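Residues per chain, in single letters:
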Amino acid sequence: MAKEKPQLDEQTQEVIKLIRAHSRSGATGTLRDEVANTLGVSMWKARKLITQAETIMAGIPQIGIDPGDPLFRSEVARRIKKQTTVAKIAEQMHSTEDDVLAVIQDMEERGYIIMRRGSSIQLGKSAEQSTQGIVFENHFHGKPISFGVVADMHLCSKAERLDVLNAAYDEFAKRGITTVLCPGNYVDGECRFNTHELKAHGIADQCQYCIDHWPSRPGIKTYYVDGDDHCGWWQQREGIEFGRYLMLEATEQGRDDLVYLGYMEADFELKAPKGSAIIKVIHAGGGSAYAYSYSAQKLAESFQGGNKPAVCIIGHYHKFEYCYPRNIHCLQCGTTQDQTRFMRKRKISAHVGFCVVTLQQDITGAITRFCPEFFPFFDKGYYLNRDGIGERLQNV
């Protein structure tokens, strides 16, 4: 038995009447204005209603809007903010379940957080923490290995330090480093207190800004996590996992050097012939303590016995600090952002710079040597080189 077409609601019927009357009378002015004034809706809503009504009038069964139309996609996104079903959305939009599902699946691939419970579907506000890590199996050769660390870059902020960030990647390339870790807050996000301190607004523009300005050097890959703040604000409001969205957009534009690891934290496993060591990349939370090492110490205390990593690379605090609580190498690696008005209000200082970490494992995987180097930018355009001499950056 053929499926019965859904009854048209009164609003759609009224729009169809207006379209026919407008065609017969040859009235001046736009149909969109007429629909908006008659029904008391916005211009955007009027355009959507006209598109839906015209498609129904053309005799295309149960299809109100082309699924590729941005209006269709945004309407689906709006409807799944509350718990609903695919069948209900299809009926409300005079579309098919297959078209709605195709849009939802594409949204999920683009970084939207989709929650499914039975037949119900809803836009989520918090991404699931990844249980998968990155495993390096062929690195072990009995010699020290090095990796770079950048954190809290806050790209798109007017206080960003692109000079520091580019100097970091130049140093990594000079040393032959191929792996860079970033424990979050790589983008400034957008909320009420930073909106006037941004170079780019909106998720699409901030994503493109990151792709355009995050340094790329041949042979270097950067692995990053999202935090609960800044990049995490997009999750809390729009339900989109910014880190995954950024990686997909970057890949489409030919950049495969930005690798998203997951929400809040991720593990790197360094395998040796008879064991391994875990490096945990983690974006912490809360404010800075009076003692810089306090937050790292409390984090180390939170790990249960048997689950401790060998190394913690910690972002969020804008400080450089190394400590060794509970035999865990804890490194806070500073920031590439100058102090903002919000930071001054909260009396938060910033250690501007980046890190290079050199470590060595024995055959069991245990870390026998851990050497963090911090490159501080003690003044605008200056940093200490490896000889401890202040060096002027070029083009600053």
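Residues numbered from 1 in each chain as written. Predicted model: local features only at pLDDT ≥ 70, side-chain atom pairs only at ≥ 80, totals over all residues. Heavy atoms only, no water.

### Points about the overall build of the protein chain
For clarity, the threshold we go by: Secondary structure follows DSSP: runs of H or I at least 4 residues long count as helices, runs of E at least 2 residues long count as strands, and numbering of each begins at the N terminus. Three labels apply to residues, based on accessible area from a 1.4 Å probe with only protein chains included: buried if under 20% of the type maximum, exposed if over 50%, partly exposed otherwise in between. Any two residues whose heavy atoms approach within 4.5 Å at even a single point are treated as in contact. What sets the accessible areas is the Shrake-Rupley method with a 1.4 Å probe; for residues, cover comes only from the shown protein chains.
For the protein chain, the count of helices and strands is 12 helices and 17 strands. Expressed as a percentage of its 396 residues, the buried residues of the protein chain come to 47%. Nonlocal contacts in the protein chain, meaning residues at least 24 apart in sequence, comprise 66% of its contacts between residues at least 6 apart. Carbon and sulfur atoms provide 49% of the accessible area of the protein chain, an area that totals close to 19500 Å².

### Structural notes on the packing of aromatic side chains
Note the threshold: The pairing test for Phe, Tyr and Trp rings, Trp by its six-membered ring, is centres within 6.5 Å, and the orientation test on the planes gives stacked under 30 degrees, edge-to-face over 60, and tilted for anything in between.
Scanning the model with the defined rule gives 13 aromatic pairs in all. Ring centres of Phe 320 and Phe 374 lie 4.5 Å apart, and the angle between their planes is 10 degrees; on these two criteria the pair is classed as stacked. Here Phe 320 is found in strand 12 (residues 320-323), whereas its partner Phe 374 is found in strand 15 (residues 367-376), with 54 residues between them in sequence. The interplanar angle of 10 degrees and the centroid separation of 4.7 Å between the aromatic rings of Phe 354 and Phe 375 together place this pair among those described as stacked. Remark: Phe 375 occurs in strand 15 and Phe 354 occurs in strand 14 (residues 353-361); sequence separation between them is 21 residues. Overall, the relative accessible area of 1% leaves Phe 354 in the buried class.

### Section: the sheet that holds strand 14
Put simply, the test is: Any two strands with at least two DSSP bridges between them are considered paired. Axis definition: a line fitted to C-alpha atoms, over the contacting stretch in the case of helices. Angles run 0 to 180 degrees between N-to-C directions.
In spatial order, the strands read 8-7-6-5-14-15; together these 6 strands make up an open sheet with mixed pairing. Every other strand in the sheet has two partners, leaving strand 8 (258-263) and strand 15 as the edge strands with one partner each. Between one strand axis and the next, the sheet turns by 25 degrees as a mean value, whatever way the strands run. Relative to strand 6 (residues 179-182), strand 5 (residues 145-149) is paired through 2 bridges, and the arrangement is parallel. Paired with Val 149 across the two strands is Leu 181, which belongs to strand 6. Here helix 10 (residues 242-252) sits on the sheet and contacts strand 7 (221-226) and strand 8; the angle it forms with strand 8, its principal contact strand, is near 160 degrees.

### As for the packing of helix 8 (residues 203-213) against helix 10
Short version of the rule: Angles below 35 degrees are treated as roughly parallel, those above 145 as roughly antiparallel, those between 65 and 115 as roughly perpendicular, and all remaining angles as oblique. In this scheme, a crossing is called left-handed if the near helix is turned counterclockwise away from the far one by less than a right angle; it is called right-handed if the turn is clockwise. Gly is put with the polar residues, along with every residue not named as nonpolar or charged; the nonpolar set is Ala, Val, Leu, Ile, Met, Phe, Trp, Tyr, Cys and Pro, and the charged set is Asp, Glu, Lys and Arg.
Viewed as axis vectors pointing N to C, helix 8 and helix 10 meet at an angle of 60 degrees, and their least axial separation amounts to 10 Å. With respect to helix 10, the axis of helix 8 lies oblique. Handedness of the helix 8/helix 10 crossing: right-handed. Note on element contacts: helix 10 touches helix 8 through Phe 242, Tyr 245, Leu 246, Glu 249 and Ala 250, opposite Ile 203, Ala 204, Gln 206, Cys 207, Cys 210 and Ile 211. Split into classes, the residues belonging to the contact of helix 8 with helix 10 amount to 9 nonpolar, 1 polar and 1 charged.

### Some points on helix 10
Which entries qualify depends on this criterion: In this context, the arc is that of the directions from the helix axis out to the C-beta atoms.
Those residues of helix 10 not exposed but buried are Phe 242, Gly 243, Tyr 245, Leu 246, Glu 249 and Ala 250. Buried residues of helix 10, seen end-on, are gathered within an arc of 160 degrees and therefore sit on one face of the element. Backbone geometry just downstream of helix 10 places Gly 254 in the positive-phi region, at approximately 90 degrees.

### So, the nonpolar core
The line we're drawing: The nonpolar core is taken to be a set of buried Ala, Val, Leu, Ile, Met, Phe, Trp, Tyr and Cys residues, with the residues joined through side-chain atoms within 4.5 Å.
Core analysis: the biggest nonpolar cluster contains 39 residues, and Val 150, Tyr 169, Phe 172, Tyr 186, Trp 214 and Leu 246 have the highest contact counts within it. Secondary structure elements with two or more residues in this core: helix 7 (162-175), strand 6, helix 8, helix 9 (231-238), helix 10, strand 8 and strand 14. Per-element tally for this core: the top contributor is helix 7, with 6 residues. Beyond its immediate sequence surroundings of up to four residues, Val 150 is in contact with Leu 165, Ala 168, Tyr 169, Phe 172, Val 180, Leu 181, Cys 182, Pro 183, Cys 333 and Phe 354.

### Digging into the side chain of Asp 163
Heads up, the rule is: Counting of polar contacts relies on pairs of N or O atoms within 3.5 Å, with two restrictions inside protein: one atom must be capable of donating a hydrogen and the other of accepting it, and residues adjacent in sequence are counted only when both atoms are side-chain atoms.
The residue Asp 163 is located in helix 7 in this model. At 2.9 Å, the side chain of Asp 163 forms a polar contact with the side chain of Arg 161.

### Considerations on helix 11 (residues 294-302)
All of the buried residues along helix 11 are Ser 295, Ala 296, Leu 299 and Ala 300. Buried residues along helix 11 cover an arc of 135 degrees about the axis, so they all sit on one side. Buried residues along helix 11 sit in contact with strand 10 (275-283), strand 11 (311-315), strand 12 and strand 13 (329-333).

### Looking at the sheet that holds strand 3 (residues 120-123)
Here we have 3 strands laid out as an open sheet, ordered 1-3-2, and antiparallel in their pairing. The sheet is open, and its two edges are formed by strand 1 (84-85) and strand 2 (114-117), each paired on a single side. Bridge count for strand 1 against strand 3 is 2 bridges, and the pairing is antiparallel. For Thr 84, the partnering residue across the bridge sits in strand 3 and is Ile 121.

### Quick look at the pattern of salt bridges
Quick note on the threshold: What makes a salt bridge here is a side-chain nitrogen of Lys or Arg within 4 Å of a carboxyl oxygen of Asp or Glu, nothing more.
By the definition in use, this model includes 11 salt bridges. Between Glu 241 and Arg 244 there is a salt bridge, and its shortest N-O distance comes to 3.1 Å. The network of salt bridges with common partners includes Glu 171, Lys 174, Arg 175 and Glu 373.

### A word on the confidence of the model for the protein chain
Our working rule: Each residue carries a pLDDT value, the predictor's own confidence for that position, ranging from 0 to 100.
In this model, the protein chain carries an average pLDDT of 78, and 76% of its residues clear a pLDDT of 70 or more. Across residues 1-5 the pLDDT falls below 50, and counting only partners more than four positions away or on other chains, this stretch makes 5 contacts in the model.

### Some thoughts on the pairing of strand 7
The following threshold applies: With the strands pointing away from the viewer, any crossover whose connection runs clockwise from the first strand over the helix to the second is right-handed.
When you tally the buried positions in strand 7, you get 5 out of 6 residues, the bulk of the element. Two elements, strand 6 and strand 7, share 4 bridges in a ladder whose sense is parallel. In the sheet register, Thr 179 faces strand 7, and the bridge partner there is Lys 221. One crossover worth recording links strand 6 to the parallel strand 7 by way of helix 8, and it is right-handed. As paired strands, strand 7 and strand 8 are joined by 5 bridges and run parallel to one another. By the bridge assignment, Tyr 224 is partnered in strand 8 with Tyr 260.

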